[in-house]
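Given next are the chains, with one letter for each unit.
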Amino acid sequence: MRDFPLIFERSVPGRRGFGLPESDVPAQPLEELVPPQALRRRPPALPEVSELDVVRHYTRLSHRNFSIDEGFYPLGSCTMKYNPKLHEELARLPGFARLHPYTPEELAQGALQLLWELGEELRELAGMDAVTFQPAAGAHGELVGLLVIRAYFASRGEKRTRVIVPDSAHGTNPATAAMVGYEVVTVRSDARGNLDLAALEQYLDERTAALMLTNPNTLGLFEEQVDRISERVHAVGAQMYLDGANFNAMVGITRPGDQGFDVMHMNLHKTFSTPHGGGGPGAGVVAVKSHLEPFLPVPVVVRDGDRYRLDFDRPQSVGRVRAFYGNFANLVRAYAYLRTLGAEGLRAVAEHAVLHANYLRVRLAPYYEIPYQRICKHEFVASGVRQKRRDGVTTRDIAKRLLDYGFHAPTVYFPLIVEEAIMIEPTETESLQTLDAFVDAMVAIDRECREDPEKVRTAPHTTAVGRLDEVRAARQLDLRWRPA
Amino acid sequence: MYPEDYRYSSEHEWAKRENGRVRVGITRFAADRLTDVVYVELPQVGSEVRFMQPFGVVESVKAASELYAPVSGRVVEVNERLRDHPELVNQDPHGEGWMIVVEATDPSELDRLMDAQGYRRHIGEA
Ligand SMILES: Cc1ncc(COP(=O)(O)O)c(C=O)c1O
């Protein structure tokens, strides 16, 4: 199956990618510099290859990847929108790219100003009072958000032990709550796909620290009772946490702070167009209302007159949660995104994201089960149950077959409350022609399910690597930490 | 398909009385929905489980789900074979794919579970 060797298999003893001239500084014996117990007895098992070997190996591997620069990527809940190339240029400006994180504040005023202004803009969009840039991704943002909530209750001498999570939530929500030491209580969704308010009320009491809600939720549906939910949650003194992974659906239109949320994280790598997946690290900015501000991680960027500085003097802070100030280059990209789009542009982002999702939802409805038939936000959840019952073809097969049509598969089997789920998020950056081509492919696959199901069951047929035996791979783990 | 002498939880575990002890597993319906099970995380013999609280995790290529104890008590046996043969859960969920045996502290908890007919209705197969 492997059609080209591992980089380790290309290794030839003694081969090097570079040559250095003789040093003009006298060499010190290693034994004098490093204590004996820290010295290797054998050289590390690194591949010995030339620069050209490395370039070819990784360029070839990269051709096996599927990326947003290559094709439509409707991966639900991930907001795989186009990342403008302009941002790459800006993030590489030497003044940003070569700035050492320990540069004294007075010599880094530009970078600090960028952070401060980005914070102001995100605060405004969120309807919140303060932000931190430190979290490295969404799940990390959740962790910071709940640590802040825990510190807030501790400062008030309140002992709250529970976090409530809907059954449609992303797995990171209950995982985060458990990591912070809370008991996780799951509440079901109702028939319209909203959090079930009556069920929620049964669990709300003074033991509750927070409700973690996603809005729009993972079914792509706006939580229609969010104001009432906030009211009930606050009535028992608990906090409203927003998983803002789906902010793309409402940015510039409605503000989480106005919906009653006390804390939220935003995935800059989703809504604010910074690369993700294999393309780059994330950035999970956390925004809070003023009563939670004292607990944010240090340092916080503040402005004094026309100067900017890092404020470490926050005695109630949960502390640092990451080295330095977050994934700074991504913050530059997000800043560029906000400044180039402006308020009008951002609103158009949300409107088009919602329009595109509804267009696909309606056009696919004759062919695929759509369990929640209502106007969706930026994404919707379809299901492969019809194909499974009728043709014995599963959602997994349909997803694999889409690869043959040149599309990345949607998110499948999530959320867990929808059987054979196919979660489709087109994003605002796709053209009508692309959306139509995707519909054509989905319709063609539905026909294949009926007429030639074996073709779908054994897909993909055109990719470099065909169907993998996922079950065997998971049951007979073949992992090692050094080459055999 | 669903043995008449078992009791069933809304979370798709079954419980079978065996002289004061209770054998526990997941139902055919749950095993089918999970698809191929690749890993089962079970408690240690001697640990305590509580009625409808998580006692372990079952993982398939599709999802990881918690296992809920259909009765409170002390774990007296766990199915060690599942460690190397998680596929037993798919092949024979109501038999060889059992997970734990519990020395029940309050066997009357089982009365709060469904019988086979109730469970079939619960999953829409009645
Ligand atoms: C709804 C939701 N919450 C949380 C997360 C976690 O975010 P991240 O992957 O940036 O850690 C995701 C990511 O996929 C998500 O879709």
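Residues numbered from 1 in each chain as written. Chains lettered and ligands numbered in written order. Predicted model: local features only at pLDDT ≥ 70, side-chain atom pairs only at ≥ 80, totals over all residues. Heavy atoms only, no water.

1. Regarding the overall build of chain B
Quick note on the threshold: Helix numbers and strand numbers start at the N terminus; a helix is a DSSP run of H or I with at least 4 residues, a strand a run of E with at least 2. To get the radius of gyration, use the C-alpha atoms; to get the globule rule, take the number of residues to the power 0.38 and multiply by 2.2 Å. Burial classification: accessible surface area is computed with a 1.4 Å probe over protein chains only, and a residue below 20% of its type maximum counts as buried, one above 50% as exposed, and the rest as partly exposed. Any two residues whose heavy atoms approach within 4.5 Å at even a single point are treated as in contact. Values of accessible area rely on a 1.4 Å probe in the Shrake-Rupley scheme; residue burial ignores everything except the protein chains shown.
What chain B contains, in helices and strands, is four helices and nine strands. Order of helices (α) and strands (β) in chain B, N terminus to C terminus: β-β-β-α-β-β-β-β-β-α-α-β-α. Taken against the 2.2 N^0.38 rule, which gives 14 Å for 126 residues, the C-alpha radius of gyration of chain B at 13 Å falls within 12% of a compact globule. In terms of overall dimensions, chain B has a C-alpha envelope of 35 × 35 × 20 Å along the principal axes. Within chain B, buried positions represent 50% of all 126 residues. Intrachain contacts of chain B at a sequence separation of at least 6 include 64% that bridge at least 24 residues. Summed over all atoms, the accessible surface of chain B reaches about 6200 Å², with 41% contributed by carbon and sulfur.

2. Observations regarding the overall build of chain A
Summing up its helical and strand segments, chain A has 15 helices and 12 strands in all. In terms of overall size, chain A behaves like a compact globule, its C-alpha atoms giving a radius of gyration of 25 Å where 484 residues would be expected to give roughly 23 Å. Summarising its shape, the C-alpha atoms of chain A cover approximately 75 × 65 × 45 Å along the three principal directions. Within the span of chain A, comprising 484 residues, buried residues form 49% of the whole. A fraction of 70% describes how many contacts in chain A between residues 6 or more apart in sequence connect residues 24 or more apart. Accessible surface, chain A as shown: approximately 23600 Å² in total, 53% of it carbon and sulfur.

3. Looking at the packing of helix 5 (residues 109-126) of chain A against helix 10 (residues 328-364) of chain A
All names here are of chain A. Test applied: Throughout, an axis means a line fitted to C-alpha atoms (over the contacting stretch in the case of helices), and angles, computed between N-to-C directions, take values from 0 to 180 degrees. Each angle receives one of four descriptions, namely roughly parallel if under 35 degrees, roughly antiparallel if over 145, roughly perpendicular if within 65 to 115, and oblique otherwise. Crossing handedness is read from the near helix: turned anticlockwise from the far helix by less than a right angle, it gives a left-handed crossing, and turned clockwise, a right-handed one.
Direction vectors running N to C along helix 5 and helix 10 enclose 45°, while the axes themselves pass 10 Å from each other. Put simply, helix 5 runs oblique to helix 10. Seen along the crossing, helix 5 lies across helix 10 with a hand that is left-handed. Along the contact surface, helix 5 presents Ala111, Leu114, Leu115, Glu117, Leu118, Glu121, Leu122 and Leu125, while helix 10 presents Phe328, Leu331, Val332, Ala334, Tyr335, Leu338, Arg339 and Leu346.

4. Some thoughts on the pattern of salt bridges
To keep it simple, the criterion reads: Just to be clear on terms, a salt bridge is a Lys or Arg side-chain nitrogen sitting within 4 Å of an Asp or Glu carboxyl oxygen.
Overall, the coordinates contain 44 salt bridges over all chains when judged by the stated rule. In this structure, the salt-bridge partner of Arg314 of chain A is Glu293 of chain A, at a minimum N-O distance of 3.8 Å. Taken together, the residues Arg314 of chain A in the loop between strand 9 (307-311) and helix 10 and Glu293 of chain A in the loop between strand 7 (284-288) and strand 8 (300-304) connect sequence positions 21 residues apart. Residue Glu96 of chain B pairs with Arg81 of chain B through a salt bridge whose shortest N-O separation is 2.5 Å. Here Glu96 of chain B is found in the loop between helix 3 (88-91) and strand 9 (100-104), whereas its partner Arg81 of chain B is found in helix 2 (residues 81-84), with 15 residues between them in sequence. Looking at Glu96 of chain B, the relative accessible area reads 39%, which means it is partly exposed. In this structure Arg81 of chain B comes out as partly exposed when scored by relative accessible area, which is 45%. The structure contains a network of salt bridges with shared partners spanning Lys388, Arg389, Glu419 and Glu420 of chain A together with Arg33 of chain B.

5. Section: the sheet that holds strand 6 (residues 54-60) of chain B
Residue and element names in this part refer to chain B. Quick note on the threshold: A pair of strands is treated as paired once DSSP finds two or more bridges between them.
One open sheet holds the three strands; their spatial order is 4-6-7, and the pairing between them is antiparallel. Across the chains shown, the open sheet's two edge strands, defined by having one partner strand only, are strand 4 (37-41) and strand 7 (64-68). With strand direction ignored, the average angle separating the axes of adjacent strands in the sheet is 25°. Here strand 6 runs beside strand 7; their pairing, made up of five bridges, is antiparallel. Residue pairing in the sheet places Val57 in a bridge with Glu66 of strand 7.

6. Considering the interface of chain B and chain A
Where we set the bar: A 1.4 Å probe defines the accessible area here, and the buried area is the portion of it lost by two parts on being joined, summed over both. Basically, the charged four are Asp, Glu, Lys and Arg, the nonpolar ten are Ala, Val, Leu, Ile, Met, Phe, Trp, Tyr, Cys and Pro, and anything else, Gly included, counts as polar.
Each partner contributes residues to the interface: chain B has 11 residues there, and chain A has nine residues. Here chain B packs against chain A, burying approximately 820 Å² in sum over the two surfaces, 56% of which is carbon and sulfur. The tally of links from chain B across to chain A stands at one salt bridge. In this structure, the salt-bridge partner of Glu419 of chain A is Arg33 of chain B, at a minimum N-O distance of 3.0 Å. Of the residues belonging to the side of chain B that touches chain A, the class tally is five nonpolar, two polar and four charged.

7. Quick word on the side chain of Glu428 of chain A
Residue and element names in this part refer to chain A. Test applied: Any N or O atom pair separated by 3.5 Å or less is treated as a polar contact, with the protein-specific requirement of one donor-capable and one acceptor-capable atom, and with residues adjacent in sequence counted only for side-chain atom pairs.
Looking at where Glu428 falls in the secondary structure, it is placed in the loop between strand 12 (421-424) and helix 13 (432-451). Of the polar contacts made by the side chain of Glu428, one reaches the side chain of Asn248; its length is 3.0 Å. Leaving out residues up to four positions away in the same chain, Glu428 has contacts with Lys81, Asn248, Tyr337, Val349, His352, Ala353 and His356.

8. Here we look at the site of the ligand
Residue and element names in this part refer to chain A. Rules: The criterion for a residue being near a molecule or strand is simple. One of its heavy atoms has to lie within 4 Å of it.
The ligand sits among Ser77, Ala137, Gly138, Ala139, Glu142, His170, Thr172, Asp243, Ala245, Asn267, His269 and Lys270. Gly138 has a polar backbone atom sitting 2.7 Å from an oxygen atom of the ligand. For the ligand, a nitrogen atom lies 2.5 Å from a polar atom in the side chain of Asp243. Across the complex, the protein chains shield 85% of the 390 Å² of accessible surface that the ligand would expose by itself. Ranked by residue count, the leading element in the shell around the ligand is helix 6 (residues 138-155), at three residues.

9. Considerations on the packing of aromatic side chains
Residue and element names in this part refer to chain B. Here is the rule: Stacked, edge-to-face and tilted labels apply to pairs of Phe, Tyr and Trp rings (six-membered ring for Trp) whose centres lie within 6.5 Å, assigned for plane angles under 30 degrees, over 60, and everything in between, in that order. Any Lys NZ or Arg CZ that is within 6 Å of a ring centre and within 35 degrees of that ring's normal is treated as a charge sitting over the ring.
In the structure shown here, the tally under the stated rule is 17 aromatic pairs over all chains. Ring geometry for Tyr6 versus Trp14: centroids 4.7 Å apart, planes at 35°, classification tilted. Take Tyr6: its relative accessible area is 8%, and that puts it in the buried class. By relative accessible area, Trp14 is classed as buried at 0%. Counting every residue linked through ring pairs, the aromatic cluster contains Tyr2, Tyr6, Tyr8, Trp14 and Tyr119. Over the aromatic face of Trp98 sits the side chain of Arg23, whose NZ or CZ is 4.5 Å from the ring centroid.

10. Let's talk about a nonpolar patch on the surface
Residues and elements named next belong to chain A. Cut-off, in case you're wondering: Excluding any residue in a salt bridge, patches collect residues exceeding 30% relative accessible area, merging like charges within 9 Å and nonpolar Val, Leu, Ile, Met, Phe, Trp and Tyr side chains within 5 Å.
Together, Val54, Tyr58 and Leu61 line one region of the surface with nonpolar side chains, adding up to about 250 Å² of accessible area. Turning to its location among the elements, Leu61 is positioned in helix 2 (residues 51-63). According to the relative accessible area criterion, Leu61 is partly exposed, its value standing at 37%.

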